[in-house]
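# Overview (structure and organization)
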Amino acid sequence: MYEVIGKTPSRATRVIWMLEEIGAPYTHTKEKAHSDLVTSLNPSGKIPLLRDGDDVISDSTAIMSYLGDKHGKLTYAAGTVKRGQQDAMTQRILDEVDSILWMAMRHAATLPEEHRAPDVQPSLRWEFAKNIKVLAGQFEGPFLMGDEVTIPDLILTNCLNWGHGTGFPVEHENLLAYGKAMRERDAYKRVMAAV
């Protein structure tokens, strides 16, 4: 049985959703970032962490890739063109959507007040909107990689929810419908019921 370490909502939600999608048993230890337990397992103090036996993996995307490969679900096989395209989509979402939301959160609440730059928010909103517009224009559906749900779908849906909740709205009908469909998945509903 896996152990997910990290309070929710956070990127731990992505890992728990992945485990629900693939049907793998897990426990959830709701630790805050930089707690004694988290720091003892990951010196950076960041969450989430996945404990698999005596081994610990950090970073939500690394954890999801590990689980996908181990269980052969929500991912294409390593060494295939489809996997390369999937990994490129994952990196694109992390670079062009997730990182902007994280930077906005850091400058709004996470960094010590004397290190925050509130004037950066309009620039981040502009960049987010620009990147989402390009993604919406290329989206053919029903999922990012075509007919199958893959890891980048979970990450993008988490980012769309995060953006909506923090004033980074998505106004493109195709992505709004996509996000709604992803939130209607049974595994997602189970995760949200437990948060």
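Each remark here, short or long, concerns the structure printed above.
Criteria and cut-off values
- Counting of residues starts from 1 at the beginning of each chain's written sequence and follows it residue by residue.
- Under the rules for a predicted model, residues below a pLDDT of 70 receive no local features and side-chain atom pairs below 80 are neither given nor counted, while totals for whole chains, interfaces and linings still include all residues.
- Heavy atoms throughout the structure, all of them, feed into the side-chain values; hydrogens and water do not.
- When two rings of Phe, Tyr or Trp (its six-membered ring) have centres within 6.5 Å they constitute a pair, described as stacked for plane angles under 30 degrees, edge-to-face for angles over 60, and tilted for the intermediate range.
- A run of DSSP states H or I qualifies as a helix once it reaches four residues; a run of E qualifies as a strand once it reaches two. Both are numbered from the N-terminal end.
- Exposed residues in this analysis have more than 50% of their type's maximum accessible area, buried residues have under 20%, and partly exposed residues fall in between, with area computed by a 1.4 Å probe over protein chains only.
- In our convention, an over-ring charge means Lys NZ or Arg CZ found within 6 Å of a ring centre and within 35 degrees of that ring's normal.
- Working rule for contacts: check all heavy atoms of both residues, and any pair within 4.5 Å makes them a contact.
- Two strands make a pair as long as DSSP finds a minimum of two bridges between them.
- A fitted line through C-alpha atoms represents every axis, and for helices the fit uses only the stretch in contact; the resulting angles, taken between N-to-C directions, go from 0 to 180 degrees.
- The term salt bridge refers to a pairing of a side-chain nitrogen on Lys or Arg with a carboxyl oxygen on Asp or Glu at a separation within 4 Å.
- Put simply, buried Ala, Val, Leu, Ile, Met, Phe, Trp, Tyr and Cys residues joined by side-chain atoms within 4.5 Å make one nonpolar core.

## Re the packing of aromatic side chains
All told, the structure shown has 3 aromatic pairs when counted by the stated rule. For the ring pair Phe128 and Phe168, a centre distance of 5.3 Å and an interplane angle of 85° mean the geometry is edge-to-face. Taken together, the residues span a long stretch of sequence, with Phe128 in helix α5 (residues 121-138) and Phe168 in the loop between α6 (151-165) and α7 (173-183) at a distance of 40 residues. Phe168 carries the same exposure label as Phe128, and that label is buried. Above the face of the Trp102 ring, Arg11 is positioned so that its terminal group lies 5.3 Å from the ring centre.

## Things to note about the side chain of Arg14
Assignment of secondary structure puts Arg14 in helix α1 (residues 12-22). For Arg14, a relative accessible area of 1% gives the class buried. Arg14 has contacts with Ser60, Met64, Leu94, Asp98, Leu154, Ile155, Asn158, Cys159 and Trp162, leaving out every residue within four places of it along the chain.

## Looking at the sheet that holds strand β4 (residues 55-58)
Ordered in space as β2-β1-β3-β4, the 4 strands form an open sheet in which the pairing is mixed. Unpaired on one side and paired on the other, β2 (26-29) and β4 mark the two borders of the sheet. When the angles between neighbouring strand axes are averaged without regard to direction, this sheet yields 20°. By the bridge criterion, 4 bridges tie strand β1 (residues 2-5) to strand β3 (residues 49-52) in an arrangement that is antiparallel.

## Here we look at the pattern of salt bridges
Scanning all chains against the criterion turns up 9 salt bridges. Close ionic contact of Glu3 with Arg51 constitutes a salt bridge, the shortest N to O distance being 2.7 Å. Of the two residues, Glu3 is situated in strand β1 and Arg51 in strand β3; the sequence distance between them amounts to 48 residues. Take Arg51: its relative accessible area is 24%, and that puts it in the partly exposed class. A salt bridge links Glu20 to Arg190; the shortest N-O distance between them is 2.6 Å. Here the residue Glu20 occupies a position in helix α1, and Arg190 occupies one in helix α8 (residues 186-194), the gap between them amounting to 170 residues. Salt bridges sharing partners connect three or more residues here, namely Arg11, Arg14 and Asp98.

## Some words on the nonpolar core
Ranked by size, the top nonpolar core spans 48 residues in total, and within it Leu19, Leu67 and Tyr178 carry the most contacts. Sequence-distant contacts of Leu67, that is, excluding residues within four places in its chain, are made with Tyr2, Val15, Met18, Leu19, Ile22, Leu50 and Gly72.

## Quick notes on the environment of Ala33
Position of Ala33 among the secondary structure elements: in the loop between β2 and α2 (36-41). You can call Ala33 partly exposed: its relative accessible area is 34%. As a C-alpha pair, Ala33 and Pro142 span 109 residues in sequence and 35 Å in three-dimensional space. Setting aside anything within four residues of it in sequence, one finds Ala33 in contact with Gly45 and Ile47.

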